[in-house]
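As a plain string of letters, each chain reads:
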Amino acid sequence: MPGFEIFGAEERKQVNEVLETGVLMRYGFDGMRNNHWKAKQFEAEFAKKMGTEYCQMVSSGTAALTVALAAAGIGAGDEVIMPTFTFVATFESIMASGAVPILVDIDETLTLDPEAVEAAITPKTKCIMPVHMCGSMADLDALKTICDKHNLILLEDACQALGGSYKRKFLGTYGDLGCFSFDYVKTITCGEGGAVITNNKEFAQNADRYQDHGHDHIGNDRGAENHPFMGYNFRISELNAAVGFAQLEKLDNILKIQEKNYTILRDALETLEFVTFRRVPEGGVENYSFLNFFLPTTELARKAHEAISKSGIDACFYWYTNNWHYINGWHHLKDMKSLGRLSSEIKNQIQDLNNTDFSKSDAVMGRTVSSLIKIGWTDDQVRERAGKMRDAIASVL
Ligand SMILES: Cc1ncc(COP(=O)(O)O)c(C=O)c1O
């Protein structure tokens, strides 16, 4: 997730233009801002790049998910189906909306298993949220069919898969809404930032208003604007947007280098008979931000990960025991630990996560190892890394 690896004069120029005007806010101050509208410019460019009608920048990927859910009218007691392998922002944003996260198994795509999704649908289900983890995607056609059948919203979390595509459409543009993070470790970064994209005019207008206290953004007197509904503050600052604007120009190059480095690593690991790779649905193209592979058993995956670390290779993850990304480590969610009282809808409808059977997910995650792809590596460094990874894995097989 390498945007930060290539900071340079372009980011400085954009940020300096904002600092020179002193207008750090994305709205208002028209006379002072010397025509610099970094957030607006980013939104126009990002929508064009993604091929969607609308883009709303916000302060983080977590904010993007929260705003997207609100924009689609999801609230108290509505059920949102999510995978067991994701970042904690998924259930955080659902619960912040008052909705109820319903966790279901993943398959070898490393995200939602369509059969598990179908089995989890109740009259309260409103939304399916695939999370395109580690650069690749869910079976989007199968999920869309389920959504159409049950009249549900398809909300894609593409925070880790910017630039990947499915059936010639960028990830994030296939569902009703798509969300991105531009935090410090993402494919492109704003420092902190995020975006919601959609082709739905009503959702776009809702997102625009909700992320700024419900302001209707009509006219140019902020103090006199109306508030058609209650909102919140998930605004991006002009400084963060300026960094993102410079980074957006670099996206194609980042993706190209990621693919090259990924391919060198994959070619090396493909020589190992017992190593297999994450399933990419037909018609899908990864963004190559991670190389994800399977060992035949949990025990071998654990040993392979240990051997890789011991050989001095960094940025390889064994998510099965990583606190942040798999349900195994979400004790705070399983035990429903919150600062304030949770709503009765959440308390009544949430699964007993300490006793739900996720053995199908365990069987996949227990065997999964992921290597981050950096763009700062020289070809020699990637080849050396590939050789060391292959040898380390071979040593435990
Ligand atoms: C899949 C996924 N969704 C959402 C987020 C949240 O993004 P942010 O850190 O910008 O809030 C992340 C961040 O790591 C993520 O990986």
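Residues numbered from 1 in each chain as written. Predicted model: local features only at pLDDT ≥ 70, side-chain atom pairs only at ≥ 80, totals over all residues. Heavy atoms only, no water.

Colleague: Explain the site of the ligand here, please?
Modeller: Taken together, the neighbourhood of the ligand is formed by 14 residues, with Gly-61, Thr-62, Asp-157, Asp-183 and Lys-186 sitting nearest. For the ligand, an oxygen atom lies 2.8 Å from a polar atom in the side chain of Gln-160. At 2.7 Å, a side-chain N or O of Lys-186 approaches an oxygen atom of the ligand. Here the ligand has 390 Å² of accessible area as a free molecule, and 92% of this is covered by the chains. (Near = heavy atom within 4 Å. Polar contact = N/O pair within 3.5 Å; in protein donor to acceptor, adjacent residues only side chain to side chain. Areas by Shrake-Rupley, 256 points an atom, 1.4 Å probe, with all protein chains shown as cover.)

Colleague: Would you mind going over a nonpolar patch on the surface with me for this structure?
Modeller: A grouping of Phe-4, Phe-7, Tyr-184 and Val-185 is seen on the molecular surface, where their side chains present a nonpolar patch of about 350 Å² in accessible area. Among the secondary structure elements, Val-185 is positioned in the loop between strand S8 (177–181) and strand S9 (194–198). (Patch = residues over 30% accessible without salt bridge, like charges linked within 9 Å, V, L, I, M, F, W, Y side chains within 5 Å. Salt bridge = Lys/Arg side-chain N within 4 Å of Asp/Glu carboxyl O. Helix = DSSP H or I, 4+ residues; strand = E, 2+ residues; numbered from the N terminus.)

Colleague: What is the right way to read the sheet that holds strand S4 (residues 125–128) from this model?
Modeller: The strands that make up a sheet pair up through hydrogen bonds in the backbone, lying either parallel or antiparallel. One open sheet accounts for 7 strands, arranged S1-S9-S8-S5-S4-S2-S3; its pairing is mixed. Each having just a single partner strand, strand S1 (54–58) and strand S3 (100–104) make up the two edges of the open sheet. Ignoring which end each strand starts from, the neighbouring axes of this sheet average 25° apart. (Pairing = 2+ DSSP bridges. Axes fitted to C-alpha atoms, helices over the stretch in contact; angles between N-to-C directions.)

Colleague: Teacher, can you tell me more about the sheet that holds strand S14 (residues 368–372) here?
Modeller: Strand order in the open sheet formed by 4 strands is S10-S12-S14-S13, with antiparallel pairing between adjacent strands. The sheet is open, and its two borders are formed by strand S10 (276–277) and strand S13 (316–317), each paired with just one other strand. Of the strands in this sheet, S10, strand S12 (290–294) and S14 are in contact with helix H9 (residues 251–269), which crosses S12 at around 15°. Here helix H10 (residues 298–310) sits on the sheet in contact with S12, S13 and S14, set at roughly 25° to S14. (Contact = heavy atoms within 4.5 Å.)

Colleague: Sorry, what's going on with the packing of aromatic side chains here?
Modeller: For any pair of aromatic rings, the description rests on two quantities: the centre-to-centre distance and the angle between the ring planes. Taken as a whole and judged by the stated rule, the model has 17 aromatic pairs. Ring centres of Tyr-232 and Phe-234 lie 5.1 Å apart, and the angle between their planes is 25°; this geometry places the pair in the stacked category. Between Phe-290 and Trp-319, the ring centres sit 5.9 Å apart and the planes meet at 65°, which makes this aromatic pair edge-to-face. Taken together, the positions of Phe-290 in strand S12 and Trp-319 in the loop between S13 and helix H11 (331–334) put the pair 29 residues apart, joining distant regions of the chain. With relative accessibility at 3%, the residue Trp-319 sits in the buried group. Within the aromatic cluster, the residues linked to one another by ring pairs are Phe-42, Phe-46, Phe-180 and Phe-182. Above the plane of the ring of Trp-37 lies Arg-33, whose end atom (NZ or CZ) is 3.9 Å from the centre. The ring of Phe-294 has Arg-367 lying over it, and the distance from NZ or CZ to the ring centre is 5.1 Å. (Phe/Tyr/Trp six-rings, centres within 6.5 Å; stacked < 30°, edge-to-face > 60°. Buried < 20%, exposed > 50% of the residue type's maximum accessible area, 1.4 Å probe, protein only. Lys NZ or Arg CZ within 6 Å of the ring centre and 35° of its normal.)

Colleague: Looking at this structure, I do not really get the pattern of salt bridges. What am I missing?
Modeller: Pairing of side chains with opposite charge becomes possible as their charged atoms draw close. Applying the stated rule across the entire model yields 26 salt bridges. Residues Asp-314 and Lys-374 are paired through a salt bridge, measuring 3.0 Å at the closest nitrogen-oxygen approach. Note that Asp-314 is positioned in the loop between H10 and S13 and Lys-374 in the loop between S14 and helix H14 (379–394), a separation of 60 residues in sequence. Here Asp-314 ties to Arg-385 by a salt bridge, and the two come within 2.9 Å at their closest N and O atoms. Highlighted residues: Asp-314 in the loop between H10 and S13 and Arg-385 in helix H14, separated in sequence by 71 residues. We classify Asp-314 as partly exposed; its relative accessible area is 39%. Within this structure, Glu-10, Glu-11 and Lys-250 form a network of salt bridges that share partners.

Colleague: Before we go on, may I ask you to explain H10 in this structure?
Modeller: For an α-helix, 3.6 residues make a turn, and residues three or four places apart therefore share a direction. With 13 residues, H10 ought to run about 18 Å at 1.5 Å a step, and its terminal C-alpha atoms sit 18 Å apart, in line with that. Every buried residue belonging to H10 is among Leu-300, Ala-301, Ala-304, His-305, Ala-307 and Ile-308, and all of these are buried. Viewed along the axis of H10, the buried residues span an arc of 165°, placing them on a single side of the element. As for H10, its buried residues are in contact with S12, S13, S14 and H14. One or two positions beyond H10, positive phi appears at Gly-312, with a value near 90°. (Expected span 1.5 Å × (residues − 1). Arc of directions from axis to C-beta.)

Colleague: Explain the nonpolar core to me, please; I cannot follow it from the model alone.
Modeller: Looking at soluble globular proteins, one finds that nonpolar side chains tend to be buried together. Phe-46, Ile-128 and Phe-293 are the most contacted members of the largest nonpolar core, which totals 126 residues. Ranked by residue count, the leading element in this core is H9, at 8 residues. Setting aside anything within four residues of it in sequence, one finds Phe-46 in contact with Cys-55, Leu-162, Phe-180, Phe-182, Ala-195, Ile-197 and Leu-248. (Core = buried A, V, L, I, M, F, W, Y, C linked by side-chain atoms within 4.5 Å.)

Colleague: Help me understand the packing of helix H2 (residues 38–50) against helix H8 (residues 238–248) in this model?
Modeller: Describing two packed helices takes the angle between their axes plus the distance from one axis to the other. Remark: H2 packs on H8, axes separated minimally by 8 Å, with the N-to-C direction vectors making an angle of 35°. For the pair H2 and H8, the sense of crossing is left-handed. Each of Lys-38, Ala-39, Gln-41, Phe-42, Glu-45 and Phe-46 in H2 lies in contact with H8, whose residues at this interface are Glu-238, Ala-241, Ala-242, Gly-244, Phe-245 and Leu-248. When grouped by side-chain class, the residues that make up the contact of H2 with H8 number 7 nonpolar, 2 polar and 3 charged. (Left-handed = near helix turned anticlockwise from the far one by under 90°. Nonpolar A, V, L, I, M, F, W, Y, C, P; charged D, E, K, R; others polar.)

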